[in-house]
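Spelled out, the chains give:
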Amino acid sequence: QVQLVESGGGLVQPGGSLRLSCAASGFIFSRYVMSWYRQTPGNGREMVASITTTGGTTQYIQTVKGRFTISRDNAKNTVYLQMNALKPEDTAVYYCKAGKLWIGLRSDDYWGQGTQVTVSS
């Protein structure tokens, strides 16, 4: 049974930091591109960051470059998102995704249940 379980979300003040984790099971983690998406009410999910199977290449949306860092540990079947200098506009539900594509979605992608990140004073 495939599972992606996110953790690490919460309430943080502007300028603060959070580290999200996504623990994977039920599939060969090291063969999948891992990504973090986020979604706010009334909007679709947007890709925040992605990392290749070996961790050698990453990509980010412009608004988080220099503040967020995606990483993975294939030995632990876990992907991380270190979020620094958080802004209120980073408030969203953050989702972990495992997929075969570097860009785009497929119907057989795996998704976690999401974790809420709220940036507010």
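Quick caveat: nothing in here was measured; it's all calculated off a predicted structure.

Caption draft 1: Spatial organisation of the pattern of salt bridges. Enumeration according to the criterion identifies 5 salt bridges in this entry. Its salt-bridge partner being D90, residue R38 comes within 3.0 Å of it at the nearest N-O pair. With a gap of 52 residues between them, R38 in strand β4 (residues 33–39) and D90 in the loop between β8 (78–83) and β9 (92–99) connect regions that are remote in the sequence. Of the two residues, R38 and D90, both sit in the buried class. R106 is the partner of D108 in a salt bridge, and the nearest nitrogen-oxygen pair spans 2.8 Å. By relative accessible area, which is 39% here, R106 ends up partly exposed. Each of the salt bridges in this network shares a partner with another, and the network as a whole consists of R38, E46, R67 and D90.

Caption draft 2: How the structure looks around the packing of aromatic side chains. Using the criterion set out here, one finds 5 aromatic pairs in the structure. Here the aromatic rings of F27 and Y110 are separated by 5.0 Å at their centres, their planes lie at 50°, and the arrangement is tilted. Pair noted here: F27 is in the loop between β3 (18–25) and β4 and Y110 is in strand β10 (residues 110–111), with a separation of 83 residues, a long-range link. Members of the aromatic cluster, each reached through a chain of ring pairs, are F27, Y32 and Y110. Between R19 and the ring centre of Y80, over which it is positioned, the NZ or CZ distance is 4.0 Å.

Caption draft 3: Expanded view of the state of the cysteines. In the structure shown here, the tally under the stated rule is 1 disulfide. Sulfur-sulfur distance for the disulfide between C22 and C96 comes to 2.1 Å. Judged by the sign of its S-S torsion, about -75°, the cystine formed by C22 and C96 is left-handed. Here C22 is found in strand β3, whereas its partner C96 is found in strand β9, with 74 residues between them in sequence. You'll find C22 and C96 in the same group, each marked buried.

Here is what the cut-offs are and how they apply
Residues numbered from 1 in each chain as written. Predicted model: local features only at pLDDT ≥ 70, side-chain atom pairs only at ≥ 80, totals over all residues. Heavy atoms only, no water. Salt bridge = Lys/Arg side-chain N within 4 Å of Asp/Glu carboxyl O. Helix = DSSP H or I, 4+ residues; strand = E, 2+ residues; numbered from the N terminus. Buried < 20%, exposed > 50% of the residue type's maximum accessible area, 1.4 Å probe, protein only. Phe/Tyr/Trp six-rings, centres within 6.5 Å; stacked < 30°, edge-to-face > 60°. Lys NZ or Arg CZ within 6 Å of the ring centre and 35° of its normal. Disulfide = S-S within 2.5 Å.

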